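Coordinate inspection notes
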Amino acid sequence: MTLSSFFQLVRWKNLVMIALIQILFKYVYFPSFSVDTALSNFTFAILVFTTLIIAAAGYIMNDIYDVEADKINKPTKVLVSRKISKKQANFLYNIFNSIGLLCGLYVAHTVDKLSFVAIFVITILLLKVYNSDLKKRPIIGNVIVSLLVSMSILIVGVFDIIPMVTEENDINQYYAFRVLIDYAVFAFIFMLLREMVKDAEDVNGDKYMNMKTLPIILGRKRANTVIFALSFFPLIIITFYSFNSFSNVPFVLAYMLIVVLMPLLYFMTKILYAKSKKDYIRASRLLKLIMLLGIFSIVILSLTIYYADR
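Note that the structure is a prediction, hence the values are computed from the model and not measured. Along each chain, the written sequence defines residue order, and numbers are assigned to residues from 1. Only residues with pLDDT of at least 70 get local features here, since the model is predicted, and only at 80 or more are side-chain atom pairs given and counted; chain-wide, interface and lining totals rely on the full set of residues. The side-chain numbers reported here are obtained from all heavy atoms of the structure, hydrogens and water having been left aside.

**Quick word on the packing of helix α5 (residues 86-110) against helix α6 (residues 118-132)**
Every angle, taken between N-to-C directions, lies between 0 and 180 degrees, and every axis is a line fitted to C-alpha atoms, over only the stretch in contact when it is a helix. We count a stretch as a helix when DSSP gives it H or I for four or more residues in a row; a strand needs E for two or more, and each element gets its number in order from the N terminus. Between α5 and α6, whose axes approach to 10 Å, the crossing angle comes to 160°. Compared by their axis directions, α5 and α6 come out roughly antiparallel. Residue-level contacts link Tyr93, Asn97, Leu101 and Gly104 of α5 to Phe120, Val121, Ile124 and Lys128 of α6. Its residues placed into classes, the contact of α5 with α6 shows five nonpolar, two polar and one charged. We call two directions roughly parallel when the angle between them is under 35 degrees, roughly antiparallel when it is over 145, roughly perpendicular when it lies between 65 and 115, and oblique otherwise. Throughout, a contact is declared for two residues whenever any of their heavy atoms are within 4.5 Å. Each residue is assigned to one of three groups, with Ala, Val, Leu, Ile, Met, Phe, Trp, Tyr, Cys and Pro labelled nonpolar, Asp, Glu, Lys and Arg labelled charged, and all others, Gly among them, labelled polar.

Next comes the structure, spelled out in structure tokens:
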């Protein structure tokens, strides 16, 4: 197994994205709202590492279960059984989860909330059940993946904000956590759409594996219509949320309308008529970009608040 194969196996680009998002909330968003935090820089780094290593284990398990489907869906990118043996992949999966649990236990102990380690246990179990069974079922598998992605945002607040709640600061702490929930919901919605698009992209290999994803049950054309219809929910929610929350912050409002909503409208026009694998790949990448740009608005909002208070 080469170093290049290892980084491909753990989806290093996705891991960097997760780490960047968590760092933005910790070091940009929390200070702008004067949030009391529980984690030191070192402990926060351990929390990020824990999130990443468990996510990496999930990606490894995904490749183990998807070997045959990937030979059809993306034959040039098959790693397990070609560049990495299944034995090596399973070893890495078990080691990564073990290290992740130990690190998670340490972080939970540090904030005096040992029960919080259950988050990591549940995440590992969900990833295992998803890869072995739920991904074969319509919608439910997409929902599980989307929940886990949104949890990677919420977990920062769970470990850093919640333990510091007191009677004196509860309003400020819970408001900051509520905004975190808003962004987690945003990530959930776009990840759900993206997972549905990826199902349409991988329909040939999924059929071979006897999966029952939405595009296989309905056909790609009808699945496109469902994705198009569901896209109206984030369109309406983001429009309402933007005007309701940022009407007094014109720069942030303009950012949401131009950088998030306009690309979403463009995605909707494209997904309705998507046919080829390339169409779905482009649509999936566009949703990923929209999700990143939407979450990045927290930087714009935080900087606006910072300079307004000076």
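**Side note on the environment of Leu154**
The residue Leu154 is located in helix α7 (residues 140-160) in this model. Exposed residues in this analysis have more than 50% of their type's maximum accessible area, buried residues have under 20%, and partly exposed residues fall in between, with area computed by a 1.4 Å probe over protein chains only. Look at Leu154 and you get buried, because its relative accessible area is 19%. If we ignore the near neighbours within four places in the chain, the residues touching Leu154 are Phe177, Leu180, Ile181 and Ala184.

**Some thoughts on a nonpolar patch on the surface**
Residues forming no salt bridge and having over 30% relative accessible area are the ones grouped into patches, like charges within 9 Å of each other and nonpolar side chains (Val, Leu, Ile, Met, Phe, Trp, Tyr) within 5 Å. Only the protein chains shown count as covering a residue, and every accessible area follows the Shrake-Rupley method with a 1.4 Å probe. What counts as a salt bridge is simple: a side-chain nitrogen of Lys or Arg found within 4 Å of a carboxyl oxygen of Asp or Glu. On the surface, Leu3, Phe7, Trp12 and Val16 cluster together to form a nonpolar patch covering roughly 410 Å² of accessible area. At the level of secondary structure, the elements contributing two or more residues to the nonpolar patch comprise α1 (3-9) and α2 (12-32). Along the chain, Val16 turns up in helix α2. For Val16, a relative accessible area of 46% translates into the label partly exposed.

**Brief notes about the packing of helix α11 (residues 220-230) against helix α12 (residues 232-246)**
Two elements in contact, α11 and α12, have axes whose closest approach is 4 Å; the angle formed by their N-to-C orientations is 10°. By the angle between their axes, α11 is roughly parallel relative to α12. Seen from α11, the contacting residues are Phe228, Ala229 and Leu230; seen from α12, they are Phe232, Phe233 and Pro234. Looking at the contact of α11 with α12 residue by residue, the classes come out as six nonpolar, no polar and no charged.

**Some details on the side chain of Ser152**
Here Ser152 is to be found in helix α7. Setting aside residues up to four positions removed in sequence, Ser152 forms contacts with Ile18, Gln22 and Thr51.

**Overview of α2**
To estimate the expected span of a helix, count its residues, drop one, and scale the result by 1.5 Å. A rise of 1.5 Å per residue sets the reference length of α2, with its 21 residues, at 30 Å; its end C-alpha atoms lie 29 Å apart and thus fit the reference within 8%. Residue Phe25 marks the point of greatest curvature in α2, where the axis turns by about 30°. Backbone geometry just after α2 places Ser34 at a positive phi near 50°. The bend at a residue is defined as the angle formed between two axes, one fitted to the seven residues ending at that residue and one fitted to the seven starting there.

**So, unusual backbone geometry**
A positive phi angle, close to 55°, is found at Arg11, a residue other than glycine. Considering the arrangement of structural elements, one finds Arg11 in the loop between α1 and α2. Even without glycine at this site, Asp112 takes up a positive phi of about 60°. Within the element layout of this structure, Asp112 appears in the loop between α5 and α6. Asp112 sits in the exposed class, given a relative accessible area of 66%.

Function-wise, these values are silent; they only describe arrangement.
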